Amino acid sequence: MATDQRTATDPIPRFPDGFLWGVSTSAHQIEGAADQRGPSVWDTFTAEPGHVKDGSTAAVACDHFHRYRDDVALLAGLGVDAYRFSISWPRVDSPGGLDFYDRLVDELCAAGVRPVPTLFHWDLPAELDWLDRDTAARFAAYVSAVTERLGDRVTKWITLNEPAEHTLLGHALGVHAPGRQLLFDALPVAHHQLLAHGLAVQALRAGGASDIGIANSHGPTWPASRDSADVEAADFYDVLLNRLFADPLLLGEYPAGLGELMPGDVSADLKVISEPVDWYGVNYYAPTRVGAPEGAEIDFGGVRMPAELPFSVREIEGVPVTDFGWPVIPDGLTELLTGFRERYGEKLPPVVITENGCSYEGLDDQERIAYLDGHVRALHRAVEAGVDVRGYFVWSLLDNFEWAEGYARRFGLVHVDYETLARTPKASYGWYRAMVASQRA
Ligand code: BGC
């Protein structure tokens with residue numbers, strides 16, 4: 001575990017020239033203005049009681065749709081290079097939907113903040129379904145329409161956000177939209193999202209884009225013990241989280257045994273899926289400790305883990321945890337990136353950390369500062385170890401609608417009062433601003 005002797009009081013070491021400092025958000029979590037777009041699977045899901053813990057919806061969220069100018073001013077005040085947001089597919093499909101993103105991109109450019117849109121962050125139009133292969137082609141058509149409109153000002157693009165969570169939480173376990181509990185029958189959802197990614201890369205290239213990535217979630221998987229049953233279970237989990245969406249992209253193949261379970265002409269699809277990307281986005285929060293199945297359904301941090309799963313997720317003891325209960329282990333980020341570099345070698349393109357952050361209450365959020373400080377240092381250790389890292393985005397600019405948790409979990413550098421929608425920068429906002437400024441001094 002922690003071997004680095006430097007402390008939080010030492011200055012953060014310098015990152016390579018041109019390193020991109022940013023913050024992230026996503027459309028469904030902040031925009032609101034649900035009356036000005038078609039429904040997504042998340043609207044349908046949240047409308048059913050019991051799915052979102054506090055019974056809330058994202059109909060208003062942070063009302064970013066109407067307050068985006070204030071939010072861009074917050075970004076400019078933070079002094080970040082780039083802003084990662086997502087484009088809502090159901091909004092784009094609604095009359096005038098692209099106008100909003102047109103205005104947002106103009107506002108960002110005028111403020112000197114580089115727009116980095118994600119084209120899909122889980123809010124699938126309600127009439128579509130990732131179990132249908134055709135959804136991948138529909139995605140590519142939507143991506144072409146977006147590129148045509150914004151491609152003159154947007155140069156850096158992200159195709160998908162965390163297809164692993166969307167597959168596993170949304171379609172295998174049912175705790176996220178669309179709420180399916182298909183377990184391993186959810187695998188076509190993974191394949192169709194990967195295909196959508198590859199087709200989107202082609203559509204973006206056809207529109208002239210040359211700076212394309214994906215945001216996949218990854219974290220080290222630690223076996224609960226050295227027993228072979230625990231090691232095997234951890235390997236299995238590692239395949240699901242760390243290889244199912246990386247091997248096809250970077251190696252053009254599925255991990256052993258999985259290709260056979262995918263629908264369609266997999267070898268032809270893999271050629272599309274492995275269209276080269278310009279960089280690889282990693283969302284990192286924490287490692288996971290995994291052991292052999294416990295033979296019964298367990299509840300892990302609110303996620304129902306059915307007894308049929310060939311693994312069980314276990315508590316990591318002896319480390320601080322966030323309000324969400326997630327362990328705080330900055331070294332996990334160094335371990336993850338150096339491990340990726342070992343696994344994929346020259347096939348791993350430059351890496352960008354597209355999300356990293358934590359949930360804590362309060363305006364004087366010293367725990368968030370400690371979390372971010374620790375992770376930025378851990379990232380630098382990966383750079384020193386030879387990993388080509390080009391950027392870091394904090395999740396998130398604003399407190400927002402945290403999916404099945406509703407508004408109970410606060411990840412923002414900026415506090416949002418959900419009664420008045422007032423924004424108040426937290427202590428971590430000042431910390432990040434000073435850190436980014438110090439990198440340029
Ligand atoms: C997602 C975000 C989410 C964050 C914190 C990531 O899995 O991309 O949408 O809010 O983690 O849970």
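Now for a description of the structure that goes with this document. Sequence positions are assigned chain by chain, starting from 1 and proceeding in written order. Whole-chain, interface and lining totals are the exception, using all residues; otherwise, since this is a predicted model, local features are given only for residues with pLDDT of at least 70 and side-chain atom pairs are given and counted only at 80 or more. The side-chain values count all of the structure's non-hydrogen atoms but skip hydrogen atoms and water molecules.

### Some points on the pattern of salt bridges
No. 1: Basic side-chain nitrogens of Lys or Arg form a salt bridge, by our definition, when they fall within 4 Å of a carboxyl oxygen of Asp or Glu. Under the counting rule described, the total for this entry stands at 30 salt bridges.
No. 2: Taking the shortest distance from any N to any O, the salt bridge between Glu346 and Arg341 comes out at 3.2 Å.
No. 3: Exposure categories follow from relative accessible area, calculated using a 1.4 Å probe and restricted to protein chains: below 20% of the type maximum is buried, above 50% is exposed, and the middle band is partly exposed. Taking relative accessible area as the criterion, Glu346 reaches 71% and is therefore assigned exposed.
No. 4: Linking Arg377 and Asp373 is a salt bridge whose minimum nitrogen-to-oxygen distance equals 2.7 Å. With a gap of four residues between them, Arg377 and Asp373 both fall in helix H13 (residues 366-384), about one helical turn apart. Note on accessibility: Arg377 and Asp373 belong to one class, buried.
No. 5: Sharing partners across several salt bridges, the network here consists of Asp99, Asp102, Asp106, Arg149, Asp152 and Arg153. Where helices and strands are cited, they refer to DSSP runs of H or I of at least four residues and of E of at least two residues respectively, numbered from the N terminus.

### Some details on helix H11 (residues 266-273)
No. 1: Listed as buried for H11 are Val266, Asp269, Leu270, Val272 and Ile273. Considered in projection along H11, the buried side chains sweep an arc of 155° and stay on one side of the axis.
No. 2: Looking at the buried side of H11, the elements it contacts are helix H8 (187-206) and helix H10 (247-251). To obtain the arc, one takes the directions from the helix axis to the C-beta atoms. Contacts between residues were defined by any pair of non-hydrogen atoms, one from each residue, lying within 4.5 Å.

### Considering the site of the ligand
No. 1: Near residues are defined by distance, with any heavy atom within 4 Å of the molecule or strand qualifying the residue. Contacts to the ligand come from Gln29, His121, Trp122, Asn161, Glu162, Tyr285, Trp326, Glu355, Trp395, Glu402, Trp403 and Phe411.
No. 2: Here a polar contact means two N or O atoms within 3.5 Å. Within protein one must be a hydrogen donor candidate and the other an acceptor candidate, and residues neighboring in sequence count only if both atoms are side-chain atoms. One of the side-chain N or O atoms of Glu355 is found 2.8 Å from an oxygen atom in the ligand.
No. 3: Contact with the protein chains removes 94% of the 310 Å² of surface that the ligand exposes when unbound. Only the protein chains shown count as cover for residues, and all accessible areas are computed by the Shrake-Rupley method using a 1.4 Å probe.

### Notes on the sheet that holds strand S3 (residues 114-120)
No. 1: One closed barrel accounts for eight strands, arranged S1-S2-S3-S4-S5-S7-S12-S13; its pairing is parallel. For this sheet, the mean angle separating the axes of adjacent strands, direction not counted, is 25°.
No. 2: Think of it this way: DSSP has to see at least two bridges between two strands before they count as a pair. Bridge analysis of strand S1 (residues 20-24) against strand S2 (residues 82-86) gives three bridges, and the strand direction is parallel. In the sheet register, Ser24 faces S2, and the bridge partner there is Arg84.
No. 3: H13 rests against S1, strand S12 (351-355) and strand S13 (389-395) of the sheet, and its axis sits at about 165° to S13. Note on definitions: angles span 0 to 180 degrees between N-to-C directions of axes, and those axes are lines fitted to C-alpha atoms, for helices only across the stretch in contact.

### Some points on the sheet that holds strand S8 (residues 288-291)
No. 1: Across the sheet, three strands lie side by side as S6-S8-S11; this open sheet has mixed pairing. Each of the sheet's edge strands pairs with one partner strand only, and the pair in question is strand S6 (221-223) and strand S11 (312-314). On average, each strand axis in the sheet is tilted by 45° relative to the strand beside it, whichever way the strands run.
No. 2: Looking at chain direction, S8 and S11 are connected through three bridges and run antiparallel. Within S11, the position partnered with Arg289 by the bridge is Arg314.
No. 3: Strands S6, S8 and S11 of the sheet are contacted by helix H9 (residues 228-243), whose axis makes an angle of about 170° with S6.

### Comments concerning the nonpolar core
No. 1: Core analysis: the biggest nonpolar cluster contains 143 residues, and Phe139, Leu337, Tyr392 and Tyr432 have the highest contact counts within it.
No. 2: Element by element, the count of residues in this core is highest for H8, at 10 residues.
No. 3: Beyond its immediate sequence surroundings of up to four residues, Phe139 is in contact with Trp89, Leu119, Phe120, Trp130, Thr159, Leu160, Ala196 and Ala200.
No. 4: Among the nonpolar cores identified, the runner-up in size contains eight residues, and Leu20, Ile158, Val352 and Phe393 belong to it. Only buried residues count toward a nonpolar core. Its members are Ala, Val, Leu, Ile, Met, Phe, Trp, Tyr and Cys residues joined through side-chain atoms within 4.5 Å.

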